[in-house]
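Spelled out from the first residue to the last, the chains are:
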Amino acid sequence: MKILAVSDRESPYYWDFFEQKKLDDIDLILSCGDLDPEYLSFLATFSRGPLLYVHGNHDGKYTELPPEGCICIDNKIYVHQGIRILGLGGSMRYCPGEYQYTEWEMKKRLMRMKLPLLLNHGFDILMTHAPAYRLGDGEDLPHRGFQVFRTLLDDYQPRYFVHGHVHPNYNVDAKRCLDYGDTKIYNAYERFVFEY
């Protein structure tokens, strides 16, 4: 299965220079937040597979204008062709605003996911907006990752962890791909394609 992950910046490759063939072999789109809802609706219209999304810390506008034809999987496990995808949007709380959480608030969200995690026997892809603590995150509070995401990776060892929020220009040494145990970690900034 070919998966397109997107986040934080609308890709000119699709948005400005669209050709249908660019999406023809994409089976699933994962949006990790902070994208224009019209851009997501556009991608969903031309792709053959579903577009799943979680909220970024700048997605308050989704309340009034949710992306059409897309599926929000925040606080859910979505199963697509046998692949279990856990969605947890938002970033570390650094100012008043929607979709921002303290470490404790994110931990409480996960506590409410215990039964779905048990019933689904875990998950295969962790999809978030923020990264995990010290796994591709930033030093500053707004871009610091969540420790509880590391705990999830340790406990469930999913095949993939896809996130956004950290733009490459924040840190020139930042890597697009990381390995953590048996988990491949991908920063979905703008666009990233991988095969499951």
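As a reminder, the structure under discussion sits directly above these lines.
Residues numbered from 1 in each chain as written. Predicted model: local features only at pLDDT ≥ 70, side-chain atom pairs only at ≥ 80, totals over all residues. Heavy atoms only, no water.

S.K.: Could you clarify how one ought to interpret helix α3 (residues 103–111) in this entry?
M.R.: Think of an α-helix as turning once every 3.6 residues; residues three or four places apart then point the same way. Taken residue by residue, α3 has Met-106, Arg-109 and Leu-110 as its buried positions. For α3, the angular spread of the buried residues around the axis is 95°, confining them to a single face. Close packing links the buried residues of α3 with β6 (83–88), β8 (100–101), α4 (114–119) and α5 (147–156). (Buried < 20%, exposed > 50% of the residue type's maximum accessible area, 1.4 Å probe, protein only. Helix = DSSP H or I, 4+ residues; strand = E, 2+ residues; numbered from the N terminus. Arc of directions from axis to C-beta. Contact = heavy atoms within 4.5 Å.)

S.K.: What am I meant to see in the packing of aromatic side chains here?
M.R.: Each aromatic ring pair is summarised here by two numbers: the centre-to-centre distance and the angle between the ring planes. Evaluated as defined, the whole model comprises 16 aromatic pairs. With 4.9 Å between their ring centres and 45° between their planes, Tyr-160 and Phe-194 make a pair best called tilted. Residue Tyr-160 is located in strand β10 (residues 160–163), and its partner Phe-194 is located in strand β13 (residues 192–195); the two are separated by 34 residues in the primary sequence. Look at Tyr-160 and you get buried, because its relative accessible area is 9%. By relative accessible area, Phe-194 is classed as buried at 4%. Ring geometry for Tyr-186 versus Phe-192: centroids 4.7 Å apart, planes at 40°, classification tilted. For Tyr-186, a relative accessible area of 11% puts it in the buried group. Using a relative accessible area of 17% as the deciding quantity, one classes Phe-192 as buried. Pairwise contacts between aromatic rings join Trp-15, Phe-18, Tyr-39, Phe-42 and Phe-46 into one cluster. In this structure, Arg-109 packs its charged tip against the face of Tyr-101, placed 4.3 Å from the ring centre. (Phe/Tyr/Trp six-rings, centres within 6.5 Å; stacked < 30°, edge-to-face > 60°. Lys NZ or Arg CZ within 6 Å of the ring centre and 35° of its normal.)

S.K.: I would appreciate a short explanation of the pattern of salt bridges in the present structure.
M.R.: It is possible for side chains bearing opposite charge to pair when their charged atoms get close. Following the criterion strictly, the structure yields 11 salt bridges and no others. In this structure, the salt-bridge partner of Lys-21 is Glu-19, at a minimum N-O distance of 3.4 Å. A relative accessible area of 60% places Lys-21 in the exposed class. Between Arg-109 and Asp-74 there is a salt bridge; the shortest N-O distance is 3.2 Å. You can see Arg-109 sitting in helix α3 and its partner Asp-74 sitting in the loop between β4 (71–72) and β5 (76–80), a full 35 residues away along the chain. The exposure classification of Arg-109 matches that of Asp-74, with both residues buried. By sharing partners, the salt bridges in this structure join Arg-9, Glu-190 and Arg-191 into a single network. (Salt bridge = Lys/Arg side-chain N within 4 Å of Asp/Glu carboxyl O.)

S.K.: Is there a simple way to explain the packing of α3 against α5 in this structure?
M.R.: Two measures define how a pair of helices packs: the angle their axes make with one another and the distance between the axes. In contact at an axis separation of 9 Å, α3 and α5 are set at 35° when each is read in the N-to-C sense. From α3, Glu-103, Met-106, Lys-107 and Leu-110 reach across to α5, where they touch Gln-147, Val-148, Phe-149 and Leu-152. Among the residues forming the contact of α3 with α5, the class breakdown is 5 nonpolar, 1 polar and 2 charged. (Axes fitted to C-alpha atoms, helices over the stretch in contact; angles between N-to-C directions. Nonpolar A, V, L, I, M, F, W, Y, C, P; charged D, E, K, R; others polar.)

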